[in-house]
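This is what each chain is made of:
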Amino acid sequence: MQTITRLAMLRNAVADLRDGGKTVALVPTMGALHEGHLTLVREAREKADHVVASIFVNPRQFGPKEDFGAYPRQLARDQALLEEEGVALLWAPERDEVYPEGYATNVSVTGISDRLCGADRPGHFDGVATVVLKLFNEVMPDMAFFGEKDWQQLAVIRRMARDLDLTRPHVDAIHGVAIVREADGLAMSSRNAYLSPEQREAAANLPRAIGSAVAALTGADRAAPALESLRGELLAGGFDSVDYAELRHGHTLSLLDRAETNARLFVAARIGGTRLIDNWPVER
């Protein structure tokens, strides 16, 4: 596996991977890899001849009081994991390679970015859209893979690709991969490492409470009672606050007052200094 840190070298290396008409898949990450990331790589390997992974802790998607400085960085470990999974090339640029001095451009996907996590983290999805568009332009992959745990992020990226007429990867080549969970149901996340043993035990109440809410929402005339019960269950189960617990359409992210086709339950809750998110489909 090649590890490349400079853009000029990246473009030459990707061109070599494409030799003979081979296809290239991109798996963007911020490092601190876990089984969820590796599942993305495996899915990408099934659909493309070569996989390019990226590791870049993007400062533009962190708010002023968020954990950019503390975000785990473990490049040597991540390199070994990616090489073991058969990744052909790791793109691991420094900050000044992605945002050189004088950088002044921002990508904003309005509407879909403003709700859920966007309401609590203004500017976050501008940072996501900006860096992902740059990654697409740098690697020019035939397809790209993202985890469905960050469902809103996936929706933002697909909207950006559609609105900007991206041809590589086009919107249908942006693949969402199902959430990978721990044995107790908690969605895998790099931020799970921030939890103390006691907090980690309490965090298992998140998937349990969501599962109960999904069952209550299925076939219900009104979503509000199940959502209120979900909030109460999380607070009673050790969470300090609930940022949102909302039923929304999976494509448009518009609010729903009861389950319908493509409905999803979205939840964000805080335990200690850690914010955990999850989403589940809800049947009508």
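Residues numbered from 1 in each chain as written. Predicted model: local features only at pLDDT ≥ 70, side-chain atom pairs only at ≥ 80, totals over all residues. Heavy atoms only, no water.

### Remarks on the side chain of arginine 18
Where we set the bar: We count a stretch as a helix when DSSP gives it H or I for four or more residues in a row; a strand needs E for two or more, and each element gets its number in order from the N terminus. A contact between two residues is defined here by any heavy atoms of the two lying within 4.5 Å.
The residue arginine 18 is located in the loop between α1 (7-17) and β2 (24-29) in this model. When residues no more than four places from it in sequence are discounted, the contact partners of arginine 18 are Val24, Val139, Met140, Pro141, Asp142 and Arg168.

### So, α1
Here is the rule we go by: Classification of residues uses two cut-offs on accessible area relative to the type maximum, computed with a 1.4 Å probe and protein chains only: under 20% is buried, over 50% is exposed, and between them is partly exposed. Arc definition: it is the arc formed by the directions from the helix axis to the C-beta atoms.
Of all the positions in α1, only Leu10, Ala13, Val14 and Leu17 are classed as buried. Burial along α1 is one-sided: seen end-on, the buried residues are contained in an arc of 100°. Opposite the buried face of α1, at more than 90 degrees from it, the exposed residues are Ala8, Asn12 and Asp16. Check the buried side of α1 and you find it contacts β1 (2-4), β2, β3 (50-55), β4 (89-91) and α6 (124-139).

### Re the pairing of β2
Test applied: Note: two strands are recorded as paired if DSSP finds a minimum of 2 bridges between them.
Burial analysis of β2 places six of its six residues in the buried class, the great majority of the element. Side chains of β2 alternate between two faces, with Val24, Leu26 and Pro28 and Ala25, Val27 and Thr29 buried alike. Sheet topology note: the β2/β3 ladder contains six bridges and is parallel. By the bridge assignment, threonine 29 is partnered in β3 with isoleucine 55.

### A closer look at the side chain of threonine 274
Positionally, threonine 274 belongs in strand β9 (residues 274-281). Residue classification places threonine 274 among the buried residues on the basis of a relative accessible area of 4%. Beyond its immediate stretch of four places on either side in the chain, threonine 274 contacts Arg191, Tyr194, Leu195 and Ala269.

### Comments concerning the UniProt feature "active site" (unreviewed entry) in the protein
Threshold: UniProt positions are given in the numbering used here, feature names are shortened, and annotations may be inferred rather than shown by experiment.
The residues that UniProt annotates with the feature "active site" (unreviewed entry) are His37. As for its placement among the helices and strands, histidine 37 is situated in helix α2 (residues 35-47). The exposure class assigned to histidine 37 is buried, which follows from its relative accessible area of 14%. For histidine 37, the contacting residues outside a window of four places in its chain are Thr29, Gly31, Ala32 and Ser190.

### A word on the domain arrangement of the protein
Rules: Each domain's extent is set by a domain assignment, obtained either automatically or from a database. Buried area counts how much accessible surface, traced with a 1.4 Å probe, disappears from two parts once they are put together, with both parts' losses summed. Any carboxyl oxygen of Asp or Glu that lies within 4 Å of a side-chain nitrogen of Lys or Arg is treated as forming a salt bridge with it. Under the grouping applied here, Gly and all other residues not named as nonpolar or charged are polar, the nonpolar ones being Ala, Val, Leu, Ile, Met, Phe, Trp, Tyr, Cys and Pro and the charged ones Asp, Glu, Lys and Arg.
Once the domains are mapped, the protein shows domain 1 (2-177) and domain 2 (190-281). Contact residues are listed per partner, giving 21 residues for domain 1 and 18 residues for domain 2. Summed over both sides, the interface between domain 1 and domain 2 buries roughly 1600 Å², with carbon and sulfur atoms accounting for 54% of that surface. When the buried surface of domain 1 facing domain 2 is broken down by residue, Arg115, Leu116 and Trp151 rank first, second and third, together holding 40% of it. Put simply, domain 1 and domain 2 have three salt bridges between them. In this structure, the salt-bridge partner of arginine 270 is aspartate 120, at a minimum N-O distance of 2.7 Å. Those elements giving two or more residues to the side of domain 1 that touches domain 2 turn out to be α5 (117-120) and α7 (151-163). At three residues, α7 tops the list of elements feeding residues into the side of domain 1 that touches domain 2. Across the side of domain 1 that touches domain 2, the residue classes break down as ten nonpolar, four polar and seven charged.

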